[in-house]
Amino acid sequence: MAVRDPEEFLAELRKTGRFDRLIDAIPYARYLGLNVRIVDGDLLTTMPGVDKLIGNPVLPALHGGTVGALLESAAIFKLLWEVESIAVPKTINITVDYLRSARVVDTLARATITKHGRRVANVQARAWQGDEAKPIAALHGHFLLKTRDT
Amino acid sequence: MGALDGIIGKLFGSISPHTRSLGFEVVSMKDGVAVAKIPYSAELVGDPLSGVLHGGVVTSMLDTTGGVAVISAVGLPTPIATLDLRIDYLRPSKPGEDLFARVECYKKTHNVAFTRGVAYNGDEADPVASMAATYMLRTQAFRAPGGG
C-alpha cells in the first residue's frame, strides 16, 4: 500500500490499529515478517523464526541484528500508537543488551515509553521467546518526534 | 587480507543465512580492523517515501562487522557473543547507495573485546551511524558474531 499523506495515514492507524497496513508499506518490516497484535490494550510485536534471519546456523540462533531491528520497530510502533505523530519518529540512538541466545522460534517484543517531551521520547523495549520473564534482549533508545507542537 | 583472514571473511558472508540474505561481504580484515559492505536493496528500505534503508539493516551490519573485527584481533576463529551494541544515527543512508561499515577492535581483555566503528555510504568522513559494542570472548557454544 502506498503512503501518500503520512499524517493522515498515522491518524488512521491510531484509530483503527491496522498495523498490518503500516508493515505492508515498509519493505524491511515485511522482510522481517513483523506482525503487531493489540493485547489488553498494549502492542505486541512478533518476528517469526525463519531461516533468513538466522545468524548462526550451528547453534542455531537468530542474528542479533534482527533482534535489534525487532526491538527498534516495537519502540517505533509504540510511539506511533501512543503519540499524536504527524511523521514516523526518527531514531536518534539505541542501545541493545543481548541477554540470551535467540532460538529460531517466534520472538515477541513489548515497548514502554519511559518519558516523552515535545521533541524526544525515551523508550525501553524487551524481547522474549515463550516466557516474558526471561528476556533474550533489551533496548533503550531516544527517538525524535514530529507532532503538531513541533 | 591474509589467507586465513580471507577464509574467515568469506565465511562471515556465506555461513550465516541472514548476512547472506543481506548480501553482506567482508571487504577487508586486518589487525583488529574490519571493513564490510551491504549492497543497496529495495527489500531493505525502512522509509518507502524516501527509499532510505531501515535502521535495522545498519544494526545487523555493525553487529556483524564488529564481530569480524574481534575475530581479526584475536587472530583465530573463536566463539564470541555480542554483549551490547549502541548505535547513534547521524544521518539517513543515501537511497540507492551501498552501505559500508568500518569497525575497530581497540581493546581486548581475557574475557571481553571492545569495538567502535561507523557505517557510511561513499565517504567515511560523513558517516550514517556510529557504534560502540562489546563482545564476550570464548563463549561456550559457538556463536558467529550477531548469532544471537
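Look up a bit, the structure's there.
Residues numbered from 1 in each chain as written. Chains lettered and ligands numbered in written order. Predicted model: local features only at pLDDT ≥ 70, side-chain atom pairs only at ≥ 80, totals over all residues. Heavy atoms only, no water.

Novice: Would you mind going over the side chain of Thr59 of chain B with me for this structure?
Specialist: All names here are of chain B. With respect to the helices, strands and loops of the structure, Thr59 is situated in helix 3 (residues 55-74). Under the relative-accessibility criterion, Thr59 is labelled buried at 0%. Within the local environment of Thr59, its side chain forms a polar contact with the side chain of Tyr89, the two groups lying 3.4 Å apart. (Helix = DSSP H or I, 4+ residues; strand = E, 2+ residues; numbered from the N terminus. Buried < 20%, exposed > 50% of the residue type's maximum accessible area, 1.4 Å probe, protein only. Polar contact = N/O pair within 3.5 Å; in protein donor to acceptor, adjacent residues only side chain to side chain.)

Novice: Looking at this structure, I do not really get helix 4 (residues 64-82) of chain A. What am I missing?
Specialist: Given 3.6 residues per helical turn, the α-helix brings residues three or four places apart onto the same face. Taking 1.5 Å per residue as the helical rise, helix 4 of chain A with its 19 residues ought to reach 27 Å, and the 27 Å between its terminal C-alpha atoms agrees with that figure. With 17 of 19 residues buried, helix 4 of chain A lies mostly within the body of the structure. (Expected span 1.5 Å × (residues − 1).)

Novice: Before we go on, may I ask you to explain the pairing of strand 5 (residues 90-98) of chain A in this structure?
Specialist: Moving residue by residue along a regular strand, the side chains alternate between the two faces of the sheet. With eight bridges joining them, strand 5 of chain A and strand 8 (residues 135-144) of chain A adopt antiparallel strand pairing. When the bridges of strand 8 of chain A are listed, Ile94 of chain A appears paired with Gly141 of chain A. Sheet topology note: the strand 5 of chain A/strand 5 (residues 80-89) of chain B ladder contains five bridges and is antiparallel. The residue bridging Thr95 of chain A from the neighbouring strand is Arg86 of chain B, located in strand 5 of chain B. (Pairing = 2+ DSSP bridges.)

Novice: Honestly, the sheet that holds strand 5 of chain B in this entry has me stumped. Any pointers?
Specialist: Whether parallel or antiparallel, the strands of a sheet pair through hydrogen bonds between backbone atoms. If you walk across this open sheet you meet the 12 strands as 1(A)-2(A)-6(A)-7(A)-8(A)-5(A)-5(B)-8(B)-7(B)-6(B)-2(B)-1(B), and the pairing is antiparallel. Two strands close off the open sheet at either side, each with one partner strand: strand 1 (35-39) of chain A together with strand 1 (25-30) of chain B. Within this sheet the neighbouring strands show an average axis-to-axis angle of 20°, counted without direction. Contacts between helix 4 of chain A and the sheet are confined to strand 1, strand 2 (42-47), strand 5, strand 6 (107-116), strand 7 (120-128) and strand 8 of chain A together with strand 5 of chain B, with strand 8 of chain A contributing the most and set at about 50° to the helix. Of the strands in this sheet, strand 5 of chain A together with strand 1, strand 2 (33-38), strand 5, strand 6 (99-108), strand 7 (112-120) and strand 8 (129-137) of chain B are in contact with helix 3 of chain B, which crosses strand 6 of chain B at around 40°. (Axes fitted to C-alpha atoms, helices over the stretch in contact; angles between N-to-C directions. Contact = heavy atoms within 4.5 Å.)

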